[in-house]
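Structure at a glance
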Amino acid sequence: MRILVCNDDGIHADGIKALAHEMKNLGETIVMAPDRNQSGASQALTLSHPVRIRELDKAFYSVEGTPADCVHMALTGFLPHPVDIVVSGINHGSNLGDDVLYSGTVAAAIEGCNMGLKSIAFSMIGRHSKHFKTGARIAKILVAKLIKTQLPAKTLLNVNIPDLPFDEIRGFQVTRLGTRRRADPLIQSADPRGLPLYWIGASGEEEDGGPGTDFYAIKQGYVSITPINLDLTHYKVFEQVGRWFEMHSDVVLDN
Ligand code: MN
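Given the structure is predicted, the values throughout are model-derived calculations rather than measurements. (Residues numbered from 1 in each chain as written. Predicted model: local features only at pLDDT ≥ 70, side-chain atom pairs only at ≥ 80, totals over all residues. Heavy atoms only, no water.)

Here we look at the overall build of the chain
Let me state the cut-off plainly: A run of H or I in DSSP counts as a helix once it spans at least four residues, and a run of E counts as a strand once it spans at least two, with each numbered from the N terminus. Only protein chains enter the accessibility calculation, which uses a 1.4 Å probe; a residue whose area is less than 20% of its type maximum is buried, one above 50% is exposed, and one in between is partly exposed. By the convention used here, residues are in contact when the closest approach between their heavy atoms is within 4.5 Å.
Along its length, the chain carries 7 helices and 13 strands. Its C-alpha atoms give the chain principal-axis dimensions of about 65 × 50 × 40 Å. The buried share of the chain, taken over its 255 residues, is 45%. Sequence separation of 24 or more characterises 75% of the internal contacts of the chain that already satisfy a separation of 6 or more.

Here it is, written out as structure tokens:
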């Protein structure tokens, strides 16, 4: 069993160290992660310049790129041998609901999934998460299960873990993604020369955080496991958009 570990907080983050340490109990573990914090990088690949990779320790690689770069490069020629599973995290902070579309942690798992591998992403609740040992123990339990399970193609698991001592975790819940409200407004400030600077505002509070969602499970002290399907096509809207061309004879392709 060969396990590729990645994250988006960077190779030196506590979360990935705890995760890699625990994964070594399950198989040969290779760590490949960005050399700096890449939170919010989503699925970005570096295409405009070359990407340097440094071996900091045995099977422990620092990548001058994004989380998706790490997994992509690992699986398309950098590693001399195949990998069985991609494990991402443990992120410092939750990835609930709409967050999965921005998260570099989830993106690393998506990249593994796109390459046809079993993939799972782990995130810990809280801006200053403390209980990464709890997170790593949870990760070991779930990765061991995933290794023995064949999920459908284009499927990955997104896991959020309450920032609690292991004994205070109430259990596991399989959840759907909730949703968030609109993000907070742009924050404007100025540099020392008086020129304007902008910060993207914080993500919104939950809008759909009701029973069955990842938000809800976490609040109750459960580990939330959301199966994610990479088929983003909205089949229910086919007919509605298709009707544009039935009802309006004025729609003419202009070429
Ligand atoms: Mn992060």
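Considerations on the environment of G221
Mapped onto the elements of the fold, G221 is located in the loop between α5 (214–219) and β13 (222–229). Sequence spacing of G221 and G171 is 50 residues, and the spatial spacing of their C-alpha atoms is 7.7 Å.

Some words on the coordination of the manganese ion
We apply this condition: Water is not part of the atom set, so a site may look incomplete; the donors themselves are N, O and S atoms within 2.8 Å of the metal, or 3.2 Å for Na, K and Ca.
Each protein donor to the manganese ion is listed here as D8 (OD), D9 (OD), S39 (OG) and N91 (OD1); together their distances run 2.1 to 2.3 Å. Spacing between the donor residues of the manganese ion along their common chain follows D-D-x29-S-x51-N. Within this pair, whereas D9 is found in the loop between β1 (2–6) and α1 (14–23), its partner S39 is found in the loop between β2 (28–34) and β3 (53–57), the two being separated by 30 residues in sequence. Classification of D9 by relative accessible area gives buried; the value is 12%.

Some details on a nonpolar patch on the surface
Note the threshold: By definition, no residue in a patch forms a salt bridge, and every one has over 30% relative accessible area; like charges are joined within 9 Å, nonpolar side chains (Val, Leu, Ile, Met, Phe, Trp, Tyr) within 5 Å. The Shrake-Rupley method, run with a 1.4 Å probe, gives the accessible areas here. Residue values count only the displayed protein chains as cover. Each reported salt bridge corresponds to a side-chain nitrogen of Lys or Arg within 4 Å of a carboxyl oxygen of Asp or Glu.
On the surface, a cluster of nonpolar side chains totalling about 390 Å² of accessible area is made up of L186, Y198 and I200. By the element assignment, L186 lies in the loop between β9 (179–180) and β10 (187–190). Overall, L186 belongs to the exposed group, its relative accessible area being 56%.

Concerning the packing of aromatic side chains
We describe a pair of aromatic rings using the distance from one ring centre to the other and the angle between the two ring planes. Selection rule: Two aromatic rings, drawn from Phe, Tyr or Trp (for Trp, its six-membered ring), form a pair once their centres lie within 6.5 Å of each other, and the interplanar angle then sorts them: stacked below 30 degrees, edge-to-face above 60, tilted otherwise. Charge-over-ring contacts are defined here by two conditions on Lys NZ or Arg CZ: a distance within 6 Å of the ring centre and an angle within 35 degrees of the ring normal.
Applying the stated criterion to the full structure yields 3 aromatic pairs. Relative to F78, the ring of Y61 has its centre 5.0 Å away and its plane inclined at 90°; by these criteria the two rings are edge-to-face. Residue Y61 is found in strand β4 (residues 60–63), and its partner F78 is found in helix α2 (residues 67–78); the two are separated by 17 residues along the sequence. Residue classification places Y61 among the buried residues on the basis of a relative accessible area of 14%. Under the relative-accessibility criterion, F78 is labelled partly exposed at 34%. Of note, R137 hangs over the ring of F166, and the distance from its end group to the ring centre comes to 3.6 Å.

Some thoughts on unusual backbone geometry
Cis rather than trans, the peptide bond between G89 and I90 has omega equal to -5°. Structurally, the position occupied by I90 is in strand β5 (residues 85–92). The backbone phi angle of A59 is positive, close to 55°, even though this residue is not glycine. Structurally, A59 is set in the loop between β3 and β4. Accessibility expressed as a relative area gives 19% for A59, which makes it buried.

A look at the state of the cysteines
Heads up, the condition is: Here, two cysteine sulfur atoms that lie within 2.5 Å of each other are counted as a disulfide.
This structure, assessed with the given rule, holds 0 disulfides. There is no disulfide at C6, and the cysteine sulfur nearest it, in C70, is 4.2 Å away. Assessed through its relative accessible area of 0%, C6 is described here as buried. Lacking any disulfide linkage, C113 is separated from the closest cysteine sulfur, that of C6, by 15 Å.

Observations concerning the sheet that holds strand β6 (residues 118–124)
This is how it is decided: Two strands make a pair as long as DSSP finds a minimum of two bridges between them. For every element, the axis is a line fit to its C-alpha atoms; helices are fit only across the contacting stretch, and the angle between N-to-C directions ranges from 0 to 180 degrees.
Taken in spatial order, the 9 strands line up as β3-β4-β2-β1-β5-β6-β7-β13-β8 in an open sheet, and their pairing is mixed. Since the sheet does not close on itself, it has two edges, and those belong to β3 and β8 (171–174), each with one partner. Averaged over all adjacent pairs, the angle separating strand axes in this sheet is 25°, with direction ignored. Of the pairings in the sheet, the one linking β2 to β4 comprises 4 bridges and is parallel in character. Across the sheet, residue M32 finds its bridge partner in β4, namely Y61. Docked against the sheet, α1 engages β1, β2, β5 and β6, running at close to 145° with respect to β5. Contacting β5, β6, β7 (155–161), β8 and β13, helix α4 (residues 132–147) runs over the sheet at an angle of about 160° to β6.

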